[in-house]
Amino acid sequence: MAEKNPRLLSRVRLLYINVRVNDNIASVDLVLNAPEDLLDQAAITSMQQNLLKRSLQLGVDDIDFNISIVPNRVYRFEMNPDLKS
């Protein structure tokens, strides 16, 4: 996902992650902050699949994901040159 779209990682912020492993079963809580229009269902599913694949390579038997997205909206303002004093 991110390898195909380098813009993605530069605009997504990791706010919180908690990983618990009990009897080789992992539980992952992940909270991300990203622009409203950046992460759609396909991007989140791709992220989950990538995390699952990597987790299973580490020997975890099962993994539960809870991925939350805190959306943000960016407003940009430019100073009007006529307003400079």
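Calculation notes
Residues numbered from 1 in each chain as written. Predicted model: local features only at pLDDT ≥ 70, side-chain atom pairs only at ≥ 80, totals over all residues. Heavy atoms only, no water. Core = buried A, V, L, I, M, F, W, Y, C linked by side-chain atoms within 4.5 Å. Buried < 20%, exposed > 50% of the residue type's maximum accessible area, 1.4 Å probe, protein only. Helix = DSSP H or I, 4+ residues; strand = E, 2+ residues; numbered from the N terminus. Salt bridge = Lys/Arg side-chain N within 4 Å of Asp/Glu carboxyl O. Pairing = 2+ DSSP bridges. Right-handed = clockwise from strand over helix to strand, strands pointing away. Patch = residues over 30% accessible without salt bridge, like charges linked within 9 Å, V, L, I, M, F, W, Y side chains within 5 Å. Areas by Shrake-Rupley, 256 points an atom, 1.4 Å probe, with all protein chains shown as cover.

Chemist: What exactly am I supposed to notice about the nonpolar core here?
Modeler: A general tendency of soluble globular proteins is for nonpolar side chains to be buried together. The biggest cluster of nonpolar side chains holds 9 residues, and these are Val12, Leu30, Leu32, Ala34, Leu38, Leu39, Ala43, Ile44 and Met47. Sorting the residues of this core by element identifies strand 2 (25-35) and helix 2 (41-57) as the ones contributing at least two each.

Chemist: Looking at this structure, I do not really get the pattern of salt bridges. What am I missing?
Modeler: Here the idea is simple: oppositely charged side chains can pair when their charged atoms come close. This model, assessed by the stated rule, comprises 2 salt bridges. Across the salt bridge formed by Asp29 and Arg20, the nearest N and O atoms sit 3.0 Å from each other. Take Asp29: its relative accessible area is 18%, and that puts it in the buried class. A salt bridge links Arg73 to Glu36, with the shortest nitrogen-to-oxygen separation between them at 2.9 Å.

Chemist: Teacher, can you tell me more about the pairing of strand 1 (residues 13-22) here?
Modeler: On a regular strand, one side chain projects to one face of the sheet and the next to the other, so that they alternate. The pairing of strand 1 with strand 2 spans 9 bridges and is classified as antiparallel. Paired with Asn22 across the strands is Ile25, a residue of strand 2. Count of turn residues in the strand 1/strand 2 antiparallel hairpin: 2 residues, of which Asp23 carries a positive phi of about 55 degrees.

Chemist: Explain the pairing of strand 2 to me, please; I cannot follow it from the model alone.
Modeler: Burial within strand 2 is extensive, with 9 of its 11 residues counted as buried. In the sheet, strand 2 pairs with strand 3 (residues 62-72) via 11 bridges, with the strands oriented parallel. Residue pairing for strand 3: Val28 is matched across the bridge by Phe65. With helix 2 bridging strand 2 and the parallel strand 3, this β-α-β connection has right-handed handedness.

Chemist: Would you mind showing me how to read a nonpolar patch on the surface here?
Modeler: Taken together, the side chains of Leu14, Ile17, Val19 and Val21 define a hydrophobic patch exposed on the protein surface, amounting to about 370 Å² of accessible area. Mapped onto the elements, Ile17 comes out in strand 1.

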